[in-house]
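Spelled out from the first residue to the last, the chains are:
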Amino acid sequence: MRKKIVKEVCKYGLFIISLLFLNTCVIAQQEYNKVFEKSFSGIKTIEVNHRRGPIEVFPSSNGQVSYKVELTFKARAEEDAQTLISHFQIDADQSGSRLNISSDLNIREWNSRNGNVRIKFSDGDRASDIKDVKVKMLLYVPALDFLELKNKYDNIVIEQALNAELSVDLYSGRLKVQQVNKDLNLSMKYSKALVGNFQNGKIKIYDSDIILGDGAQVELESKYSDIELGNLQSLSANTYDDKMKVKNIKGDLRIEDKYTEFEILGAANVFLNLYDAEFEIGSGKNFQVKSKYTTFRLGAVDNLDFELSYDDKVRVKELNGFSAIESKYTEYDFQKLNKSIKLNSHNDKLNVDLVTGTFSGLTFQGKYTDINLSLEPSVLFRLDYYSKYGRINVDEDRFEANIYKEKSSELELKGAMKGAESSSPLVKINAYDCKVSIQ
């Protein structure tokens, strides 16, 4: 009998505890909602500073600027809920045609444990057992001169084309903008962005992913990011350990970089300072390059000029002119060369699969470099060659030597291909311990 009584007491005790627990859970799940709304006239410039919720921008139907801010959260105690609501404020200051909007919970400390938040406010008040705090801002705007949006830990969404210069400062959120009809200023950390076409752009990102449409002049500063850009007028980029894809650049491309992978369809004038990078481009006109430890994969190029190349790998499908003022330990592999080569070299490798009939000459000075040129039969050149500890290989059946001097380890050779004239292209070589083959 005693065991039965004990069992009954335990059963009813557990039942009462269950009721208390369920009652606590019900209280803990109570939802609160507070809406703040206001409108303004004559506004051309808006600056918004927001946190802990999304910003959504819509076109205004009446020419006014309006906001609707909705504060939502869950709390167990009414006192804690009212404390949170009373500390939330929206500062909206209008000065002429300028409007500043700031949403603030006046929070000094925010501690979260198992989804429950304990908050200490700036004035020392406290609230506990708070969950799912979110501040959603809906902003309605007409055509503007300037719109600035700052947000943390949530999204910014503009689903329609925006008739304003747009400035975005985003931390740990997502940005979506259909189109910006004026300039775009973008600053992001730990975020993602999808933006349509825009005018000029100034972009500064860190550990973020962005996809942008077509633009005009773009200035980019980035680290540890994935970047996709559309067709541009020009691009100036300072990058570090990124991945970048760009369509066609009509004007100048300027890059200062370390450790980035580039994939570009085309550009006009290209200025590169690269370190341990990978650079691929489909076509370009004039290239001016300084690089170390970099891999180049180039398509059709007019002129490729290296101020410095150090331990690079350079692959080019077709180019007109090539020069390198200072080159060390680099491998050059050209499928097709149309005009000229000028190379100051140390321990390089130069291979040209085909030198075409428009060849205008080669000037080489270097040490420990291997050169291999395959010429079209129509290329008739003159040769001025000097070397020490080196050797040269030319088609002896077609070559006529005017001067041949060999003494110890030195060789001087001057002559021309049969049928060459005084105006024919000159191959001038001053080499030390180099291997040269011209066939």
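Preceding this section is the structure that the text describes.
K.L.:
I keep staring at the environment of T363 and nothing clicks. Help me out?
P.N.:
Tracing the sequence through the fold places T363 in strand β29 (residues 361–367). With a relative accessible area of 38%, T363 lands in the partly exposed category. For the pair T363 and D257, spaced 106 residues apart in the sequence, the C-alpha separation amounts to 30 Å. T363 has contacts with I341, K342, L343 and K428, leaving out every residue within four places of it along the chain.

K.L.:
Explain the packing of aromatic side chains here, please?
P.N.:
Summed over all chains, the structure comprises 24 aromatic pairs. Measuring from ring centre to ring centre gives 5.8 Å for Y190 and Y206, while their planes differ by 85°; the resulting arrangement is edge-to-face. Taken together, the positions of Y190 in the loop between β14 (184–189) and β15 (192–195) and Y206 in strand β16 (residues 201–206) put the pair 16 residues apart, joining distant regions of the chain. According to the relative accessible area criterion, Y206 is partly exposed, its value standing at 29%. Note on Y224 and Y240: the rings are 5.7 Å apart at their centroids and 85° apart in plane angle, and the pair reads as edge-to-face. Pair noted here: Y224 is in the loop between β18 (217–223) and β19 (226–229) and Y240 is in strand β20 (residues 234–240), with a separation of 16 residues, a long-range link. We classify Y224 as partly exposed; its relative accessible area is 36%. Taking the ring centre of Y275 as reference, the NZ or CZ of K258 above it sits at 5.4 Å.

K.L.:
In this structure, what is going on with the pairing of strand β28 (residues 349–355)? I would like to understand it.
P.N.:
On any regular strand, side chains alternate: one points to one face of the sheet, the next to the other face. Relative to β28, strand β26 (residues 331–334) runs parallel, the two sharing four bridges. Opposite D333, over in β28, you have N351 as the bridge partner. The sheet contact formed by β28 and strand β30 (residues 370–375) spans five bridges and is parallel. Note on β30: the bridge partner recorded for K349 is D370.

K.L.:
Got a minute to help me understand unusual backbone geometry in this structure?
P.N.:
With the exception of glycine, the majority of residues adopt a negative phi angle, and the majority of peptide bonds are in the trans configuration. Notably, D241 is not glycine yet its phi reads approximately 55°, a positive angle. In this structure, D241 sits in the loop between β20 and β21 (243–258). The backbone of Y329 sits at a positive phi, close to 60°, despite the residue not being glycine. Of note, Y329 is situated in the loop between β25 (313–328) and β26. Overall, the relative accessible area of 34% leaves Y329 in the partly exposed class.

K.L.:
Hey, could you run me through the side chain of D80 in this one?
P.N.:
Tracing the sequence through the fold places D80 in helix α2 (residues 78–87). Although D80 is buried, it makes no salt bridge; R76 carries the closest opposite charge, 6.9 Å away. Residues in contact with D80, not counting those within four places in the same chain, are R126, A127, S128 and I130.

K.L.:
Please clarify how the side chain of K74 should be interpreted in this entry.
P.N.:
Relative to the helices and strands, K74 resides in strand β4 (residues 65–75). At 3.5 Å, the side chain of K74 and the side chain of D132 are in polar contact.

K.L.:
Just checking my understanding: could you explain the pairing of strand β6 (residues 98–104) for this structure?
P.N.:
Burial along β6 is one-sided: L99, I101 and S103 are buried, and none of R98, N100, S102 and D104, which face the opposite way, are. As paired elements, strand β2 (residues 45–49) and β6 share five bridges and run parallel to each other. Paired with T45 across the bridge in β6 is R98. Relative to β6, strand β5 (residues 89–95) is paired through seven bridges, and the arrangement is antiparallel. Bridging across to β6, Q89 finds its partner in D104. The turn joining β5 and β6, which pair antiparallel and follow one another in sequence, is formed by two residues; a positive phi near 65° is taken by G96.

K.L.:
Honestly, the pattern of salt bridges in this entry has me stumped. Any pointers?
P.N.:
Pairing is possible between side chains of opposite charge, provided their charged atoms come close. Inspection of every chain in the model, using the stated rule, returns 14 salt bridges. Here K150 makes a salt bridge to E148, at a shortest N to O gap of 3.9 Å. Take K150: its relative accessible area is 31%, and that puts it in the partly exposed class. Given the relative accessible area of 16%, E148 is considered buried. The partner of E331 in a salt bridge is R315, with the nearest N and O atoms 3.4 Å apart. Taken together, the residues span a long stretch of sequence, with E331 in strand β26 and R315 in strand β25 at a distance of 16 residues. Looking at E331, the relative accessible area reads 30%, which means it is partly exposed. One network of salt bridges, in which partners are shared, links E278, E280 and R297.

The rules behind these values
- Residues numbered from 1 in each chain as written.
- Predicted model: local features only at pLDDT ≥ 70, side-chain atom pairs only at ≥ 80, totals over all residues.
- Heavy atoms only, no water.
- Helix = DSSP H or I, 4+ residues; strand = E, 2+ residues; numbered from the N terminus.
- Buried < 20%, exposed > 50% of the residue type's maximum accessible area, 1.4 Å probe, protein only.
- Contact = heavy atoms within 4.5 Å.
- Phe/Tyr/Trp six-rings, centres within 6.5 Å; stacked < 30°, edge-to-face > 60°.
- Lys NZ or Arg CZ within 6 Å of the ring centre and 35° of its normal.
- Pairing = 2+ DSSP bridges.
- Lys, Arg positive; Asp, Glu negative; His and termini not counted.
- Salt bridge = Lys/Arg side-chain N within 4 Å of Asp/Glu carboxyl O.
- Polar contact = N/O pair within 3.5 Å; in protein donor to acceptor, adjacent residues only side chain to side chain.

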